[in-house]
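# Residue-level structural notes
As a plain string of letters, each chain reads:
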Amino acid sequence: MLARLGPPAAIAAVILLAPLLFQSGYHFRIGALVWINALAVIGLNVLMGLAGQVSLGHAGFFGIGAYAAAVLPARYGLHPLAATAAGAVLCAAVAFTVGRPILRLKGHYLAVATLGLGMLVAMVLTNEVWLTGGPDGMPAPRPDLGGWRISGPETWYWISGTVLVLGVLLAQNLRISPAGLALGALHDSEVAAGTLGVDVARSKLVAFVVSAVYGSVAGSMLAFLNGHVTPDRAGFLQSIEFVTMAVLGGLGSMIGSVAGAAVLVVIPQVLTFFHEYEHLMLGVLVILIMVLLPSGVVPALSSLLARRRKE
Amino acid sequence: MAEFLQFTSSGLTVGAVYALVALGFTLIFNASGVVNFAQGEFVMLGGMGTVFAAAAGVPLPLAALLAVALAVVAGLLLDGLAIRPARQAGPIVLIIITIGAALVIRGLAQVFFDKEFHKLPGFSGDASIHIGGAAVLPQTFWVLAGTLAIFSGMWWFMTRTMTGKALRATAANRLAAELVGIDTRLVTTLAFAVSAGIGAVAGILITPITLTNYDIGTMLALKAFVASVLGGMGNPIGAVVGGLLLGLLEAFAAGYLSSSYKDAAAIVVLLLVLFAMPSGLFGSKSVERV
């Protein structure tokens, strides 16, 4: 029970307590960015950590979610929250349609195919200027709910934090459900899982669709927080950032996903003080963490703790 | 017809560069199992290194040599400082490390070179030659000849020399190679050095046509990855064919369809190929051991 409720409770506690350290709206904004990225990474972790399938194109879903939140209200008058739901449905539909042939691929072939999928999304968002505003992006509306205008970093901090905790609870539930156990089994060995009666193709598809929906919802929230969307959000670098967050924090770990997102969101903010050396230092840092803690920050720390306790 | 020739020549030129980058990519993959996303940075170092050495007054051939040496040093450092310490890590961690390394190399280039676009003069001038109605830069022939020379050199090295055979043995089965006395660490280091050198040469050859800048590496590494997978991961011939095919696809898509969707056409073809042949065009069918 503790193992099941521990991570969501710990994450909720951090979300509640972190504002004690905040001094400005800027800090709330960074906090909201961490929760939004963490939500996408937790989705990606269902695919990578649980089912063991790589995706180098996950930002594609993030981008679809972000643009759904911007395009549908601006061009078709949809309520922003309905647009968020529509984006999630669209992502689920895309993932469901392309998932089966793509997930048949393995290893590097799967990596390239997902990478291509993400790039296709980014290209459409960049080139269909009439719909998306092209490379410069377009403004996203501030949603309102019964007269209450939802805007400001502080508001979005609490909303994204709440959605993150819900996302963690759902992912946690998925993991211990029969579908989640099947995913864990096919992660270890597809052949063995198949022999035991797991529908391997269908299980992978479920993980892909779930992770796509997480990415989409996170993207929509980012659009509302920023009030603006650009095609970069769907691009290759964003996808790589998600994968790095997942691996950096620790694949398969909920707290790790949040920690990975926190590291990669907060550190570049700090590094902007170093202007020209920003890329250089970020690269050195990523290499150092991965070389020293290849299993990720959180699993490395928890195994260290476990060892301490034994002694 | 003139149009067709025009697209073919530009497709082959770009494709030749993709092929060279993919060849270097495959070399490192075979020797170490690492998917090297810093491969494009070697191309950047080749081009930028030559531009800046030439600007400092070094004669062009010597500047090119210096740039290749610079890239080779970068390759050796990448292997020694980032890849070797993480030998035991999984493939995704290694990919992330090479992406980190690419960030470092790009960051250094941005500080020590600059952020501008640079051009080199064509080796045989910049006046285009007309062939069947198509205008072709003389540099195109340098690119094609260079690619051909490097590819034959690699083929000779892989099939005729002891070191090349050691490399192939390491690729086939690392443990078995070690058992017959091959120093696989040395082989890996060599692969990084040669691969960086090939990348740098590609960068020098193409800079007179496409210009260079500190930021060109990411896209090239991506294209090399796509080309390698299209041809069949780990197969050098597949990498070259995949690279040329990718270049041609892009050129025809840009010419006949729309230039903003040229990359999309290449990706759609890639996905279709993978759906039909999950191991690429020349990939050996992989069998999962149980």
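As a convention, each chain's residues are numbered from 1 in the sequence order in which they are written. Here every chain gets a letter starting at A, and every ligand a number starting at 1, in the order they are written. Thresholds applied to this predicted model are a pLDDT of at least 70 for local features of residues and 80 or more for the giving and counting of side-chain atom pairs; totals over whole chains, interfaces and linings are not thresholded and use all residues. Just so you know, side-chain values use all the structure's heavy atoms and leave hydrogens and water out.

## Things to note about the overall build of chain B
In DSSP terms, a helix is any run of H or I states spanning at least four residues, a strand is any run of E spanning at least two, and both are numbered starting from the N terminus. Of the regular secondary structure elements, chain B holds eleven helices and two strands. Seen in sequence order, chain B has helices and strands lined up from the N terminus as α-α-α-α-β-β-α-α-α-α-α-α-α. We compute the radius of gyration from the C-alpha atoms alone; for a globule the expected value is 2.2 Å times N to the 0.38, where N is the number of residues. Taking 2.2 N^0.38 as the reference for a compact globule, 290 residues should give roughly 19 Å; the C-alpha atoms of chain B span a radius of gyration of 19 Å, in line with that estimate. When the backbone C-alpha atoms are referred to their principal axes, chain B occupies close to 60 × 50 × 35 Å. Taking the intrachain contacts of chain B between residues at least 6 apart in sequence as the baseline, contacts between residues at least 24 apart amount to 74%. Accessible surface for chain B amounts to roughly 12,200 Å². Of this, 71% is attributable to carbon and sulfur atoms. Contacts are residue-level and defined by heavy atoms, with any inter-residue pair within 4.5 Å sufficient. Using the Shrake-Rupley algorithm and a 1.4 Å probe, accessible areas are obtained, with residue cover drawn only from the displayed protein chains.

## Some remarks on the overall build of chain A
For chain A, the count of helices and strands is 14 helices and four strands. Against the 2.2 N^0.38 benchmark of 19 Å for 311 residues, chain A shows a C-alpha radius of gyration of 19 Å, consistent with a compact globule. Overall size of chain A, expressed as C-alpha extent along the three principal axes, is 55 × 45 × 40 Å. Remark: exposure states derive from per-residue accessible area (1.4 Å probe, protein chains only) relative to the maximum for the residue type, with buried under 20%, exposed over 50%, and partly exposed in between. Out of the 311 residues belonging to chain A, those deemed buried represent 52%. By sequence separation, contacts in chain A at least 24 residues apart represent 79% of the contacts at least 6 residues apart. Total accessible area on chain A is roughly 13,300 Å²; 69% of this is exposed by carbon and sulfur atoms.

## Here's the deal with the confidence of the model for chain B
Summing up the model confidence of chain B, the mean pLDDT is 87 and the portion of residues at 70 or higher is 98%. Complex prediction metrics read pTM 0.86 and ipTM 0.84. The predictor attaches a confidence to each residue, and that confidence, scored 0 to 100, is pLDDT.

## Details of the pattern of salt bridges
Residue and element names in this part refer to chain B. Whenever Lys or Arg places a side-chain nitrogen within 4 Å of a carboxyl oxygen from Asp or Glu, that contact is recorded as a salt bridge. The final tally for this structure, using the stated rule, is seven salt bridges over all chains. In this structure, Glu41 engages Arg106 in a salt bridge whose closest nitrogen and oxygen atoms are separated by 3.4 Å. Taken together, the residues Glu41 in helix 2 (residues 39-55) and Arg106 in helix 4 (residues 91-112) connect sequence positions 65 residues apart. Take Glu41 and Arg106: they sit in the same class, and that class is buried. Where Lys223 meets Glu250, a salt bridge forms, and the shortest distance between an N and an O atom there is 3.2 Å. Of the two residues, Lys223 is situated in helix 9 (residues 217-231) and Glu250 in helix 10 (residues 236-257); the sequence distance between them amounts to 27 residues. Take Glu250: its relative accessible area is 4%, and that puts it in the buried class.

## Quick word on the packing of aromatic side chains
All names here are of chain A. Pairing of aromatic side chains requires ring centres within 6.5 Å, counting the rings of Phe and Tyr and the six-membered ring of Trp. Pairs whose planes differ by under 30 degrees are stacked, by over 60 edge-to-face, and all others tilted. Applying the stated criterion across every chain yields a total of 17 aromatic pairs over all chains. Arranged with centres 5.6 Å apart and planes meeting at 20 degrees, the rings of Trp156 and Phe224 form a pair that is stacked. Separated by 68 residues along the polypeptide, Trp156 in helix 7 (residues 153-176) and Phe224 in helix 10 (residues 200-226) bring together distant segments of the chain. Both residues of the pair, Trp156 and Phe224, belong to the buried class.

## Observations concerning the interface of chain A and chain B
The accessible area lost on association of the parts is a frequent measure of interface size. On the side of chain B, 43 residues touch chain A, which itself brings 41 residues to the contact. A simple way to read buried area is as the amount of 1.4 Å-probe accessible surface that goes missing from two parts once joined, with both sides added. Buried area between chain A and chain B, both sides added, is near 3,700 Å², and the carbon and sulfur share of it is 81%. When the area that chain A buries against chain B is broken down by residue, the three leading residues are A:His108, A:Tyr109 and A:Val112, summing to 18%. At the level of elements, helix 4 (80-103), helix 5 (107-127), helix 9 (190-195), helix 11 (236-249) and helix 13 (278-292) of chain A are the ones that each hand at least two residues to the side of chain A that touches chain B. Among the elements that make up the side of chain A that touches chain B, the one with the highest residue count is helix 5 of chain A (twelve residues). Its residues assigned to classes, the side of chain A that touches chain B shows 30 nonpolar, six polar and five charged. Three classes are used: nonpolar for Ala, Val, Leu, Ile, Met, Phe, Trp, Tyr, Cys and Pro, charged for Asp, Glu, Lys and Arg, and polar for all others, with Gly counted as polar.

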